[in-house]
Amino acid sequence: MFEITKMIRRFITKLNAFALPRDQQEPALPGHEFRCAQCDLLQKMDAIYAGQGASCARCGHHLCSVPLNPFDTPLAYALATLILLVLSCAFPLLNLRIAGVESQMTFLSSAKSLVDADFGIVANVLLSCVLLIPALFLCAVIYLAVALKWSLHWPGLRSVLRLAIRLEPWMMADVFVIGILVSLIKLAMLAQISFGLSFWAMLLFAISLIKTVTVFDVHWFGFQLDHLAGLPARHLRMNGAKSCTVCGFFNARQAHQCERCHARLHSRRPHSVSITWALLLTAMLLYLPANLYPMMITESWGESTPSTILEGVLLLWRMGSYPVAIIIFVASVVVPLVKFISITVLCIAARSKSKQGALHYTRLYRMTELIGRWSMVDVFVVVILVALIHMGKIMSVLPGVAAVSFAGVVVLTMLAALSFDVRLIWDADQRAEK
Ligand SMILES: [Zn+2]
Ligand SMILES: [Zn+2]
């Protein structure tokens, strides 16, 4: 009975803490000045309490959203995601049965079949984007959360924070899951297919990874790093000028290196537009072989049928798989073209002297960043088909040259978007206003 009373009392205390007026709670982030990393506007952020977030007043750039348990939530999600990652490699992803012959595919066997077919580059992209980069990111989140929760002065905390931020755009577990579903629909007419145990682990891994990214608040983690190093007071009010494009920290005008994450600082990224142009043009050149050469080659009873991206889409359309045909067409043809056009528009807008609509261009930039990874779907579909269909004479699928070029297009357009300094758009906008 005494135990029950204690439990009720503890529960009421917790409820009271929850219902405590804001002014009696400790803010997770005290009010401070910051310069927006996308539009460069100097502004003041009010104190942020756990469960709240903040965005830029001018361009809407997301600055932070602190979860209710800022230490425990990311730590718990990162640990769970890491376990799911191991499980998604341990068992078969898909089982296939054609004409009485069975075939199984695990995540690692899909990479091995690419290496066997002399497509090591695509295997590297697959292993990095679906396995290694998420694993590194999760380890980084766990390292930071453990060190900060228990105030441990572990080495390299600032570099680990920078690493986690830099790795984030390159994680493609969700794209791989969509790739599995697309291949499944593609194969459903030819063969009997069933999900392996690892498919469900992979699905949960992809969802849990997205959740880990959303609860890992870079701004709050950075603030805790400063707190650990005994620097909070300097952070609160500082007559600074340069904001770090990696972690968003507000640095002094004369600083060359970010105080928080040690990234190199520039008031504007040097040669940003030229580098973006160079990457974009290379991607455009690679887009030609990606469409002209076969994406995959199907061999059946001694007959080999190569198919390019568009041929694959047309075949699916004729077979009546309209949704898959539309997904592949959008991911492989529409998305790359939209990226080419939007990055070109952004580069022209950054150089132009008289124009308006910086907010629209910034939204266009965010959209380009957001859709970047999704073109990889078709490459992953080829990878899955190659791994799954290797039944000697009955039917085998081999990757085509276009798979390498297309993976190159996706990586280069992502690099082009990342190397573009979006603040240049607002500089041009301010020039136009003068
Ligand atoms: Zn802004
Ligand atoms: Zn920084």
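Rules behind the numbers
Residues numbered from 1 in each chain as written. Chains lettered and ligands numbered in written order. Predicted model: local features only at pLDDT ≥ 70, side-chain atom pairs only at ≥ 80, totals over all residues. Heavy atoms only, no water. Helix = DSSP H or I, 4+ residues; strand = E, 2+ residues; numbered from the N terminus. Buried < 20%, exposed > 50% of the residue type's maximum accessible area, 1.4 Å probe, protein only. Areas by Shrake-Rupley, 256 points an atom, 1.4 Å probe, with all protein chains shown as cover. Pairing = 2+ DSSP bridges. Axes fitted to C-alpha atoms, helices over the stretch in contact; angles between N-to-C directions. Contact = heavy atoms within 4.5 Å. Donors = N, O, S within 2.8 Å, 3.2 Å for Na, K, Ca; no water. Tetrahedral: all angles 85-135°; square planar, octahedral: opposite > 155°, others 65-115°. UniProt positions renumbered as here; feature names shortened; annotations may be inferred. Phe/Tyr/Trp six-rings, centres within 6.5 Å; stacked < 30°, edge-to-face > 60°.

(A) Molecular detail of the overall build of the chain. A count of helical and extended segments in the chain gives 16 helices and 12 strands. Out of the 434 residues belonging to the chain, those deemed buried represent 50%. On the chain, roughly 20,800 Å² of surface is accessible, and the fraction owed to carbon and sulfur atoms is 65%.

(B) Summary view of the sheet that holds strand β6 (residues 101-105). Strand order in the open sheet formed by 3 strands is β6-β5-β7, with antiparallel pairing between adjacent strands. Taken across any chain shown, the strands that pair with only one partner, and hence form the sheet edges, are β6 and β7 (192-195). Across this sheet, the average inter-strand angle for adjacent strands is 15°, counted without regard to direction. As judged from the 5 bridges shared by strand β5 (residues 94-98) and β6, these two strands associate in the antiparallel manner. Pairing of Leu94 across the sheet is with Met105, part of β6. Across the sheet, helix α6 (residues 173-187) is in contact with β5, β6 and β7; its angle to β7 comes to roughly 155°.

(C) Representation of the coordination of the zinc ion (ligand 2) within the structure. Around the zinc ion (ligand 2), the donor atoms from the protein are Cys244 (SG), Cys247 (SG), Cys258 (SG) and Cys261 (SG), and they sit 2.3 Å away. Every donor counted, the 4 donor atoms about the zinc ion (ligand 2) form angles of 106 to 114° at the centre, which fits tetrahedral coordination. Counting residues between consecutive donors of the zinc ion (ligand 2) along the chain gives the motif C-x2-C-x10-C-x2-C. Placement of Cys244 in the loop between β8 (242-243) and β9 (250-251) and of Cys258 in the loop between β9 and α10 (272-292) is noted, with a sequence separation of 14 residues between them. By relative accessible area, which is 1% here, Cys258 ends up buried.

(D) Quick look at the pairing of strand β11 (residues 303-307). Examined bridge by bridge, strand β10 (residues 296-300) and β11 share 5 bridges and lie antiparallel to one another. Within the sheet, the bridge partner assigned to Ile297 lies in β11 and is Pro306. Counting the residues that bridge the hairpin from β10 to β11 gives 2 residues, and of these Trp301 lies at a positive phi of roughly 50°.

(E) Up close: the environment of Met367. Within the secondary structure layout, Met367 lies in helix α13 (residues 358-371). Looking at Met367, the relative accessible area reads 32%, which means it is partly exposed. Placed 25 residues apart in sequence, Met367 and Ser342 show a C-alpha to C-alpha distance of 9.0 Å.

(F) Local environment of the UniProt feature "transmembrane region" (unreviewed entry) in the chain. The positions that UniProt labels "transmembrane region" (unreviewed entry) are, in the present scheme, residues 75-99, 119-148, 169-191, 197-216, 272-290, 324-349, 370-391 and 397-418. Helix makes up 64% of residues 75-99 and strand 20%, whereas the separation of the span's terminal C-alpha atoms amounts to 47 Å. Secondary structure within residues 119-148 divides into 97% helix and 0% strand; the distance between the first and last C-alpha atoms comes to 42 Å.

(G) Main features of the coordination of the zinc ion (ligand 1). Around the zinc ion (ligand 1), the protein contributes the donor atoms Cys36 (SG), Cys39 (SG), Cys56 (SG) and Cys59 (SG), at 2.2 to 2.4 Å from the metal centre. Geometry at the zinc ion (ligand 1) is tetrahedral, judged from its 4 donor atoms and the angles of 103 to 113° they form at the metal. Mapped onto the polypeptide sequence, the residues donating to the zinc ion (ligand 1) form the spacing pattern C-x2-C-x16-C-x2-C. In this pair, Cys39 sits in the loop between β1 (32-35) and β2 (42-45) while Cys56 sits in the loop between β3 (53-55) and β4 (62-65), placing the two residues 17 residues apart along the sequence. The exposure class assigned to Cys39 is buried, which follows from its relative accessible area of 1%. For Cys56, a relative accessible area of 5% corresponds to the buried category.

(H) Geometry of unusual backbone geometry. A positive phi angle, near 70°, is found at Asp40, a position not held by glycine. Position of Asp40 relative to the elements: it lies in the loop between β1 and β2. Judged by relative accessible area, which is 15%, Asp40 ranks as buried. Even without being a glycine, His271 presents a positive backbone phi close to 55°. Mapped onto the fold, His271 is located in the loop between β9 and α10. The class for His271 is exposed, based on a relative accessible area of 61%.

(I) Layout of the packing of aromatic side chains. Across all of its chains, the model carries 13 aromatic pairs by this definition. On the basis of an interplanar angle of 85° and a centroid distance of 5.3 Å, the ring pair of Phe107 and Phe176 is categorised as edge-to-face. Placement of Phe107 in helix α3 (residues 107-116) and of Phe176 in helix α6 is noted, with a sequence separation of 69 residues between them. Of the residues examined, Phe176 reaches a relative accessible area of 0% and is grouped as buried.

(J) Spotlight on the pairing of β10. As paired elements, β10 and strand β12 (residues 396-399) share 4 bridges and run antiparallel to each other. Bridge assignment links Ile297 to a residue of β12, and that residue is Leu398.

(K) View of the sheet that holds β10. What the 3 strands build is an open sheet, ordered β11-β10-β12; its pairing is antiparallel. A strand with exactly one partner marks an edge of an open sheet, and here the two such strands are β11 and β12. For this sheet, the mean angle separating the axes of adjacent strands, direction not counted, is 20°. Running at roughly 140° to β12, helix α14 (residues 377-388) makes contact with β10 and β12 of the sheet.

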